[in-house]
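Observations on the model geometry
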Amino acid sequence: MTEEMMTETNTASPATKAASISEAGTSSAGSASPKRPRKKALVAAVVVVAIAAVGAGLFAWHEQPSFCSAICHTPMDAYGKTYLDGTQDEFGNSLTAEESNSMLAYAHSQYMGGITCLDCHVPTLDEQVSEGLAWVAGNYVVEGENANGDALLEERTLADLTAAREVAPESFCLNDSCHVTTPDRAALFEKTKYLESVYNPHSDRHGDIDCGTCHKAHSQSVNYCTECHASAPVPEGWLTMAEAQEKGIVETVNQ
């Protein structure tokens, strides 16, 4: 390098040096800019994973009684309790351990693999939308309160519960997912045929009686045969029709 060139470099003005530094900085910043899209992609991926996790959690929760009580149906406490601990029925009647085992909501939750609400109550999309709108508007039918002050909804039969799906009422229970060994009435009759001498409860002598007439989900089950046949056997924890009337499970003995 010549003396003149060294002199020019050493004598460069502060402004010229600042401009050179600025140009170098600009060049450096320009080379780092491609990393920004990667950061955005990473953030987007994290957000997607978080949303998926929350969605999966909500989906699992929406099958539980706690969701029904907290989100969908304000007056579901009376029914949720029958599933969770079995110490009371929907009417607020206290139950012993033996009695609670005849209440299907509790029996299913405890002894049948933790079956959830929606395993039995299978709603259609139309039902979910209409029930959601009814809840928001407060336009649902409350029949009264139980002994604990919890709201009681209008009683629904199996025909009501299966109408939207357009399936037979008995399929609420008699289906391949539930009654695997007794998928129809004929199989049920054969299973309890040993009671034929003292009134087989699954006989069709009085026509096809709704399963829910005897088998109760949120209260003790009732032997409907005892309405006429006082000697009909009553399983442990079950009620006779007269006892069911006293507890408010049926309105009249002739229901």
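**Here's the deal with the overall build of the chain**
Scanning the chain for helices and strands turns up 12 helices and four strands. Counting over 255 residues, the chain shows a buried share of 25%. In the chain, the proportion of contacts linking residues at least 24 apart, taken out of those at least 6 apart, comes to 45%.

**A look at the pattern of salt bridges**
For the coordinates displayed, the defined rule picks out three salt bridges. Between Arg 185 and Asp 208 there is a salt bridge, and its shortest N-O distance comes to 3.9 Å. Here Asp 208 lies in the loop between α11 (185–191) and β3 (222–223) and Arg 185 lies in helix α11, a separation of 23 residues in the sequence. When its relative accessible area of 24% is taken as the criterion, Arg 185 is described as partly exposed. With a relative accessible area of 59%, Asp 208 lands in the exposed category.

**With respect to the nonpolar core**
Counting 11 residues, the largest nonpolar core is built from Met 76, Ala 78, Tyr 79, Phe 91, Leu 152, Val 222, Leu 239, Met 241, Ala 244, Ile 249 and Val 250. Contributing elements (two or more residues each) for this core: α5 (77–84) and α12 (241–246).

**Focus on unusual backbone geometry**
The phi dihedral of Glu 166 is positive, around 55°, even though this residue is not glycine. Among the structural elements, Glu 166 can be located in the loop between α10 (158–162) and α11.

**Here we look at the packing of α5 against helix α7 (residues 104–111)**
It is the contact of α5 with α7, at a shortest axis distance of 6 Å, that shows an interaxial angle of 40°. One element, α5, and the other, α7, form an angle in the oblique class. Here Thr 82, Tyr 83 and Leu 84 of α5 lie close against α7, whose contacting residues are Ala 105, Tyr 106, Ser 109 and Gln 110. Its residues assigned to classes, the contact of α5 with α7 comprises four nonpolar, three polar and no charged.

**What about the side chain of Asn 223?**
Looking at the secondary structure, you find Asn 223 in strand β3. Apart from the residues lying within four places of it in its own chain, the contact partners of Asn 223 are Cys 214, Ala 232, Pro 233, Val 234, Trp 238, Leu 239 and Met 241.

**What to know about the side chain of Asn 200**
For Asn 200, the position within the fold is in the loop between α11 and β3. A residue is classified by how much of its surface remains accessible, and Asn 200, at 2% relative accessible area, is buried. Sequence-distant contacts of Asn 200, defined by excluding residues within four places in its chain, comprise Phe 189, Thr 192, Lys 193, Leu 195 and Arg 205.

**Concerning the pairing of strand β1 (residues 142–145)**
For β1 and strand β2 (residues 151–153), the ladder comprises three bridges, and the chain directions are antiparallel. Bridging from a neighbouring strand, Glu 145 pairs with Ala 151 of β2. Connecting the antiparallel pair β1 and β2 is a turn made up of five residues, with Gly 149 showing a positive phi of about 85°.

**A closer look at the confidence of the model for the chain**
Interpretation of this model should avoid reading the predicted coordinates in detail wherever pLDDT is low. Looking at the chain as a whole, its pLDDT mean stands at 78, while 73% of the residues score no less than 70. A low-confidence stretch, residues 14–30 (pLDDT under 50), is modelled with one contact involving residues beyond four sequence positions or located in other chains.

**Digging into a negative patch on the surface**
On the surface, a cluster of negative charge is made up of Glu 143, Glu 154, Glu 155, Asp 160 and Glu 251. Looking at the element boundaries, Glu 251 is found in the segment after α12.

**Considerations on α7**
Along α7, the positions that sit buried rather than exposed are Ala 105, Tyr 106, Ala 107, His 108 and Ser 109. Buried residues along α7 sit in contact with α5 and α6 (97–100). Two residues or fewer after α7 comes Gly 113, characterised by a positive phi angle close to 75°.

**Some details on a nonpolar patch on the surface**
A contiguous nonpolar surface patch, about 350 Å² in accessible area, is contributed by Trp 135, Val 136, Tyr 140 and Val 142. Within the element layout of this structure, Val 136 appears in helix α9 (residues 125–137). By relative accessible area, Val 136 is classed as exposed at 65%.

Conventions we followed
Residues numbered from 1 in each chain as written. Predicted model: local features only at pLDDT ≥ 70, side-chain atom pairs only at ≥ 80, totals over all residues. Heavy atoms only, no water. Helix = DSSP H or I, 4+ residues; strand = E, 2+ residues; numbered from the N terminus. Buried < 20%, exposed > 50% of the residue type's maximum accessible area, 1.4 Å probe, protein only. Contact = heavy atoms within 4.5 Å. Salt bridge = Lys/Arg side-chain N within 4 Å of Asp/Glu carboxyl O. Core = buried A, V, L, I, M, F, W, Y, C linked by side-chain atoms within 4.5 Å. Axes fitted to C-alpha atoms, helices over the stretch in contact; angles between N-to-C directions. Parallel < 35°, antiparallel > 145°, perpendicular 65-115°, else oblique. Nonpolar A, V, L, I, M, F, W, Y, C, P; charged D, E, K, R; others polar. Pairing = 2+ DSSP bridges. pLDDT = per-residue confidence, 0-100. Patch = residues over 30% accessible without salt bridge, like charges linked within 9 Å, V, L, I, M, F, W, Y side chains within 5 Å. Areas by Shrake-Rupley, 256 points an atom, 1.4 Å probe, with all protein chains shown as cover. Lys, Arg positive; Asp, Glu negative; His and termini not counted. Charge placed at Lys NZ, Arg CZ, Asp CG, Glu CD.

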